[in-house]
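# Descriptive structure summary
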Amino acid sequence: MLSERRLEVLRAIVQDYVGTEEPVGSKALTERHRLGVSPATVRNDMAVLEDEGYIAQPHTSAGRIPTDKGYRLFVDKLAGIKPMTAPEKRAIHHFLDGAVDLDDVVGRTVRLLAQLTRQVAVVQYPSLTRSTVRHVELLSLAPARVMLVLITDTGRVEQRMVDCPAPFGEASLADLRARLNSRIAGRRFADVPQLVQDLPDAFEAEDRGTVATVLSTLLETLVEETEERLMIGGTANLTRFGHDFPLTIRPVLEALEEQVVLLKLLGEVNDSGMAVRIGHENAHEGLNSTSVVSVGYGSGGEAVAKLGVVGPTRMDYPGTMGAVRAVARYVGQILAES
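Residues numbered from 1 in each chain as written. Predicted model: local features only at pLDDT ≥ 70, side-chain atom pairs only at ≥ 80, totals over all residues. Heavy atoms only, no water.

Check the secondary structure of the protein chain and you find 12 helices and 10 strands. Against the compact-globule benchmark of 20 Å for 338 residues, the protein chain has a radius of gyration of 26 Å, which places it well outside the compact range. When the backbone C-alpha atoms are referred to their principal axes, the protein chain occupies close to 90 × 40 × 35 Å. Across the 338 residues that make up the protein chain, the buried fraction comes to 49%. For the protein chain, long-range pairs separated by at least 24 residues make up 61% of all intrachain contacts whose partners lie at least 6 apart in sequence. By element, 50% of the accessible surface of the protein chain is carried by carbon and sulfur atoms, the whole surface being about 16,300 Å². Positive and negative charge centroids in the protein chain, built from 37 and 45 side chains respectively, lie 8 Å apart. (Helix = DSSP H or I, 4+ residues; strand = E, 2+ residues; numbered from the N terminus. Rg over C-alpha atoms; globule rule 2.2 N^0.38 Å. Buried < 20%, exposed > 50% of the residue type's maximum accessible area, 1.4 Å probe, protein only. Contact = heavy atoms within 4.5 Å. Areas by Shrake-Rupley, 256 points an atom, 1.4 Å probe, with all protein chains shown as cover. Lys, Arg positive; Asp, Glu negative; His and termini not counted. Charge placed at Lys NZ, Arg CZ, Asp CG, Glu CD.)

What follows concerns helix 12 (residues 317-337). For helix 12, spanning 21 residues, the distance from its first C-alpha to its last is 30 Å, which sits close to the expected 30 Å at 1.5 Å a residue. Counting buried positions along helix 12 yields 16 of 21 residues, so the element is predominantly enclosed. If you check the start of helix 12, you find a side-chain oxygen 3.1 Å away from the backbone N of glycine 319, and it comes from aspartate 316. (Expected span 1.5 Å × (residues − 1). Polar contact = N/O pair within 3.5 Å; in protein donor to acceptor, adjacent residues only side chain to side chain.)

A few words now on the packing of aromatic side chains. All told, the structure shown has 1 aromatic pair when counted by the stated rule. Centroid distance tyrosine 71 to tyrosine 317: 5.6 Å. Interplanar angle 50°. Geometry classified as tilted. Here the residue tyrosine 71 occupies a position in helix 4 (residues 68-78), and tyrosine 317 occupies one in helix 12, the gap between them amounting to 246 residues. Assessed through its relative accessible area of 2%, tyrosine 71 is described here as buried. (Phe/Tyr/Trp six-rings, centres within 6.5 Å; stacked < 30°, edge-to-face > 60°.)

Domain annotation of the protein chain identifies domain 1 (4-71), domain 2 (86-126 + 228-337) and domain 3 (129-225). Listed as interface residues are 12 residues of domain 2 and, on the opposing side, 8 residues of domain 3. Summing both partners gives a buried area of about 850 Å² for domain 2 against domain 3, and 39% of it is carried by carbon and sulfur. Taken together, the connections running from domain 2 to domain 3 amount to 0 salt bridges. Our enumeration of links across domain 2 and domain 3 arrives at 0 residue pairs in polar contact (both at pLDDT 80 or more). When the residues that make up the side of domain 2 that touches domain 3 are grouped by side-chain class, the tally is 7 nonpolar, 2 polar and 3 charged. (Domains from an automatic or database assignment. Buried area = accessible area lost by both parts, 1.4 Å probe. Salt bridge = Lys/Arg side-chain N within 4 Å of Asp/Glu carboxyl O. Nonpolar A, V, L, I, M, F, W, Y, C, P; charged D, E, K, R; others polar.)

Turning to the pairing of strand 5 (residues 145-152), a few remarks are in order. Across the 8 residues that make up strand 5, a large majority, 6, are buried. The pairing of strand 4 (residues 133-142) with strand 5 spans 8 bridges and is classified as antiparallel. Each residue of the ladder has a partner; that of serine 140, found in strand 5, is valine 146. Where strand 5 lies against strand 6 (residues 157-163), 7 bridges are found, and the strand directions are antiparallel. Residue valine 146 lies in a different strand from strand 6, and its bridge partner there is valine 162. What sits between the antiparallel neighbours strand 5 and strand 6 is a turn of 4 residues, in which glycine 155 has the positive phi angle 90°. (Pairing = 2+ DSSP bridges.)

It is worth spelling out the environment of alanine 142 at this point. With respect to the secondary-structure elements, alanine 142 resides in strand 4. Note: C-alpha distance between alanine 142 and cysteine 164 (22 residues apart in sequence) is 9.8 Å.

Shown next, in the form of structure tokens:
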């Protein structure tokens, strides 16, 4: 275990290196921070931190920089989550309030996160496997053609055309719409097949084929839409950190183009708490020089998806964690109200 003083020295090194981009020396630390000890003592503490793998000496510079292990200890033990200021909170409200639909909410969230953190923002669309049905609308387009509209609790809207085996009257369509919504509105996608399996029996023999066709299309829609989708923004922000990536930024950009990699990065939706993955903790080799801060968002206290940012390991962790948490909370409120 490191002593309190050495933890303070590590905290100061991380803060200075993140702020100045320059390796940190013992003289600068004693001048900038009230550590209450001499430069010689700080030098000794830095030697211990280096021996234990928390800091390292890049090139022949006299200063030291934090390692992945040093950043990990900083995040776990030393860094609080920096709260957003009142003007920042107002800016978040103002930016997200005008969203007209789910695509707009996700698009605005990506832009906002990228602007607030000056990192790459990644937002996962609400997972339909965790969604519930808000409403099903059935519209007659022709005697034997119906449009099915599925609306979820997260504001997602899916439309499908249904070609019926026989003409279906307005009265029968209204009856099907009412019966369908009374059974499945507010219910999870996974529960729907069982809830509607005997619905055709409630109709006259000549209408059962059409009811079965409509239900088949509904169930296909539920299965299709469990595929996960993401939106990413702010990739250009990485160019500001060129010297933070050894050799080249290219492996990072290539990794960010792979949706499967990004979904794994954000982690499981079930684990909706704040997660910070640093450097080599990221399984994908192209992202070993980055850190990922992610958190779940959703309505009613349950996460339906995740959002987060990707940036260099030399990151303002308290500020980034604060921004990610604040945006996730507000997006959750929007989903709850929509």
